[in-house]
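A structural walkthrough
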Amino acid sequence: DGHFPGHPVLPGIAQLGMVFDLIRNAMDGPVRVTEVSRVRFKQMILPEDRLNVVAEPRPTGKGIYGFRITKDDEVVCSGAMTVAAVQPSRE
């Protein structure tokens, strides 16, 4: 509700959080985001919008995922997210 008082929209950081959750849930162990690039927020996402979130690994095999969020078959957000395995602490 904070971006536009009286007109709630889904903030960009929440959209990136949804993408990260999707990628993290598909991984074998814990991961962290190391980079987010080429992000394009093309439309506002409203509370009643139904979304489809897709993330696909890029062929480089270096933890880079291309992603897109769509509503009604239109892309509302797209970009790339790079993740890396979380190294266990040596305590």
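Position labels on residues start from 1 in each chain and follow its written sequence. Only residues with pLDDT of at least 70 get local features here, since the model is predicted, and only at 80 or more are side-chain atom pairs given and counted; chain-wide, interface and lining totals rely on the full set of residues. Think of the side-chain values as coming from all heavy atoms in the structure, minus any hydrogens and water.

1. Some details on the overall build of the protein
Working definition: helices are DSSP H or I runs of at least four residues, strands are E runs of at least two. Numbering for both runs from the N terminus. In terms of helices and strands, the protein carries one helix and four strands. Counting from the amino terminus, the protein carries its helices and strands in the arrangement α-β-β-β-β. For the protein, the spread of C-alpha atoms along the three principal axes comes to 50 × 35 × 20 Å. Throughout, exposure labels follow a simple rule: accessible area from a 1.4 Å probe, protein chains only, divided by the maximum for the residue type, with under 20% read as buried, over 50% as exposed, and the rest as partly exposed. Put simply, the protein has 91 residues, and 25% of those count as buried.

2. With respect to a nonpolar patch on the surface
What makes a patch is a set of residues exposed beyond 30% relative accessible area and free of salt bridges, joined within 9 Å when like-charged and within 5 Å when nonpolar (Val, Leu, Ile, Met, Phe, Trp, Tyr). Here, Shrake-Rupley sampling with a 1.4 Å probe gives the accessible areas, and only protein chains in the shown set may cover a residue. The term salt bridge refers to a side-chain nitrogen of Lys or Arg lying within 4 Å of a carboxyl oxygen of Asp or Glu. Nonpolar side chains collect at one region of the surface, where Phe4, Met44 and Leu46 lie side by side and expose about 280 Å² of accessible area between them. The topology assignment puts Phe4 in the segment before helix 1 (12-26). With relative accessibility at 41%, the residue Phe4 sits in the partly exposed group.

3. Description of the environment of Asn52
By secondary structure assignment, the location of Asn52 is in strand 2 (residues 52-57). Taking relative accessible area as the criterion, Asn52 reaches 44% and is therefore assigned partly exposed. C-alpha separation for the pair Asn52 and Lys71, spaced 19 residues apart in sequence, amounts to 6.4 Å. When checking whether two residues touch, look at their non-hydrogen atoms; a contact exists if any pair is within 4.5 Å. Residue contacts for Asn52: discarding those within four places in its chain leaves Arg68, Ile69 and Thr70.

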